[in-house]
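Fold and geometry: a report
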Amino acid sequence: MQRGLSFFGFIIVAGFVAAAAIVFFKVVPAYVEYFNVKKAVASVAKEQGTQPAATIRESFDKHASISDIKAVSGKDLQIIQAGGKTSVGVGYEKVVPVVANVSLLFDFNVEAAGSGAE
């Protein structure tokens, strides 16, 4: 008695594995960019928290050019400076085309609190 995977079964399994690999490799850059945005927002909130909003936006744009961030720019930042505290956040959507008219939509929100005027 033989047990195992037939040729057609192997082709079906290989097709699912290939489809999963394609989706994985298309999704990874969106998450890499998200983590770069998160790192840049945290950095400007910590380092530039006492500065005016325009300086924070400019600093973020410098971080974005170094980290190759295309989804968000300094003008997209939501900066709240109140009560001696600075909060920097941004929310954005990323559409990742998979095949033909099928796409994945990612909704990212990043927020970091920094020190304010001391």
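Everything here concerns the structure above.
Described below are features of the structure shown in this document. Computed from a predicted structure; not experimentally measured.

Cut-off values and rules
- Residues numbered from 1 in each chain as written.
- Predicted model: local features only at pLDDT ≥ 70, side-chain atom pairs only at ≥ 80, totals over all residues.
- Heavy atoms only, no water.
- Helix = DSSP H or I, 4+ residues; strand = E, 2+ residues; numbered from the N terminus.
- Expected span 1.5 Å × (residues − 1).
- Salt bridge = Lys/Arg side-chain N within 4 Å of Asp/Glu carboxyl O.
- Buried < 20%, exposed > 50% of the residue type's maximum accessible area, 1.4 Å probe, protein only.
- Pairing = 2+ DSSP bridges.
- Polar contact = N/O pair within 3.5 Å; in protein donor to acceptor, adjacent residues only side chain to side chain.
- Contact = heavy atoms within 4.5 Å.

An ideal rise of 1.5 Å per residue puts 21 Å on 15 residues; helix H2 (residues 53-67) measures up with 21 Å between its terminal C-alpha atoms. Following H2 by one or two positions, Asp68 adopts a phi angle in the positive range, close to 60°.

Pairing is possible between side chains of opposite charge, provided their charged atoms come close. Overall, the coordinates contain 4 salt bridges when judged by the stated rule. The closest approach of N and O atoms between Lys94 and Glu33, which form a salt bridge, is 3.2 Å. One end of the pair, Lys94, is in strand E2 (residues 85-99); the other, Glu33, is in helix H1 (residues 7-47), with 61 residues separating them in the sequence. For Lys62, the salt bridge goes to Glu58, with nearest N and O atoms at 3.9 Å. In this pair, Lys62 and Glu58 are both assigned in helix H2, 4 residues apart and thus about one turn of the helix distant. Residue classification places Glu58 among the partly exposed residues on the basis of a relative accessible area of 48%.

A rise of 1.5 Å per residue sets the reference length of H1, with its 41 residues, at 60 Å; its end C-alpha atoms lie 59 Å apart and thus fit the reference within 8%. Taken together, the buried positions of H1 are Gly9, Val27, Ala30, Glu33, Tyr34, Val37, Ala40, Val41, Ser43, Val44 and Ala45.

Here the focus is the environment of Val41. Note on placement: Val41 falls in helix H1. The spatial distance from the C-alpha of Val41 to the C-alpha of Gln78 is 10 Å, given a sequence separation of 37 residues.

One ladder, built from 5 bridges, connects strand E1 (residues 78-82) with E2; its direction is antiparallel. Opposite Ile80, over in E2, you have Ser87 as the bridge partner. Once E1 ends, the chain turns through 2 residues before running back antiparallel as E2, passing Gly83 with a positive phi of about 60°.

This part takes up the side chain of Ser87. Relative to the helices and strands, Ser87 resides in strand E2. Looking at Ser87, its side chain comes within polar contact range of the side chain of Glu111, at 3.2 Å. For Ser87, the contacting residues outside a window of four places in its chain are Gln78, Ile79, Ile80, Glu111, Ala112 and Ala113.

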